[in-house]
Amino acid sequence: MKNNRINRNSKILNQAIVLPFVTLAVVGFIFFLSSAYEPSWLYNWQDIRPEIKDTVKLIEKYGCITGETVGNNGKTPQQWHRRKWLMKNATESELTKLIDYPNGTVKATAYEGLIRKNNSDNYKLISEALNDTTTFLHYEAGCVGFPMLIGEYLVKYMISVSDRLPPLPPEKIIEYNLSETEIITLGNLYDERMNKKELYLREIYK
């Protein structure tokens, strides 16, 4: 009887020693997952070709949209070529699916690619982009960089629909087939978003 009691007490003692370590390991693992988790882990890549997927991951990893030249030396970064390649080689269905990708740089590239293909409903695309007030991207050109909404990027650098912006250079003008009423509607929506941009930023980065 005494031996049974000793064995039982020994097991209880072992469990009491091991349990905190197991609990600590589980909590640590959960904390690691929560801090390292990326929404793109759950993205469904079905119907997107491997070469497009690989390029998307590289665009996401670089972390921003760039102008043709960046830095003091005015070099063209690989990201600029990478995005051009994706917009040219991805199909319309692939770009349409990438609009739902959980990364602002990738989403903006998908929108831009669709608009450049000239086969899409540009009014619908720009409206959707302007109504996305929770996704930001970082834009770099020359020696400066700043956060932008996706719709803000499209309007500033692709299809100017607001009198608040200077005209685009002739070489950057895109045939976007918008009626005057659509241009006015999009311009008003753009102005509304810009008036609230600081509020949207605070909500995202609070």
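Conventions adopted
- Residues numbered from 1 in each chain as written.
- Predicted model: local features only at pLDDT ≥ 70, side-chain atom pairs only at ≥ 80, totals over all residues.
- Heavy atoms only, no water.
- pLDDT = per-residue confidence, 0-100.
- Contact = heavy atoms within 4.5 Å.
- Phe/Tyr/Trp six-rings, centres within 6.5 Å; stacked < 30°, edge-to-face > 60°.
- Helix = DSSP H or I, 4+ residues; strand = E, 2+ residues; numbered from the N terminus.
- Buried < 20%, exposed > 50% of the residue type's maximum accessible area, 1.4 Å probe, protein only.
- Core = buried A, V, L, I, M, F, W, Y, C linked by side-chain atoms within 4.5 Å.

Engineer: What exactly am I supposed to notice about the confidence of the model for the chain here?
Structural biologist: Caution is warranted with low-pLDDT regions, since their predicted coordinates should not be read in detail. Taken residue by residue, the chain gives an average pLDDT of 84. The fraction at 70 or more is 79%. Scored below 50 in pLDDT, residues 21–37 shows two contacts in the model against residues more than four places distant or in partner chains.

Engineer: Please clarify how the packing of aromatic side chains should be interpreted in this entry.
Structural biologist: Any two aromatic rings considered together are summarised by their centre-to-centre distance and by the angle between their planes. Under the defined criterion, the tally for this structure stands at seven aromatic pairs. Between the aromatic rings of Trp45 and Tyr101, the centroid separation amounts to 5.5 Å while the plane-to-plane angle is 55 degrees, which identifies the pairing as tilted. Taken together, the positions of Trp45 in the loop between helix H1 (2–36) and helix H2 (50–62) and Tyr101 in the loop between helix H4 (92–98) and helix H5 (104–116) put the pair 56 residues apart, joining distant regions of the chain. For the pair shown, Trp45 and Tyr101 are each scored as buried. A ring pair is formed by Tyr139 and Tyr157, whose centres lie 4.5 Å apart and whose planes are at 25 degrees; its orientation type is stacked.

Engineer: What exactly am I supposed to notice about the nonpolar core here?
Structural biologist: If you look at the biggest cluster of nonpolar residues, it comprises 44 residues, and the most contacted ones within it are Val56, Leu98, Ile115, Ile126, Leu137, Tyr153 and Leu154. Among the elements that make up this core, the one with the highest residue count is H5 (six residues). In this structure, Tyr153 is in contact with Ile65, Arg83, Ala108, Glu112, Leu137, Tyr139, Met148 and Met158, ignoring residues within four places of it in sequence.

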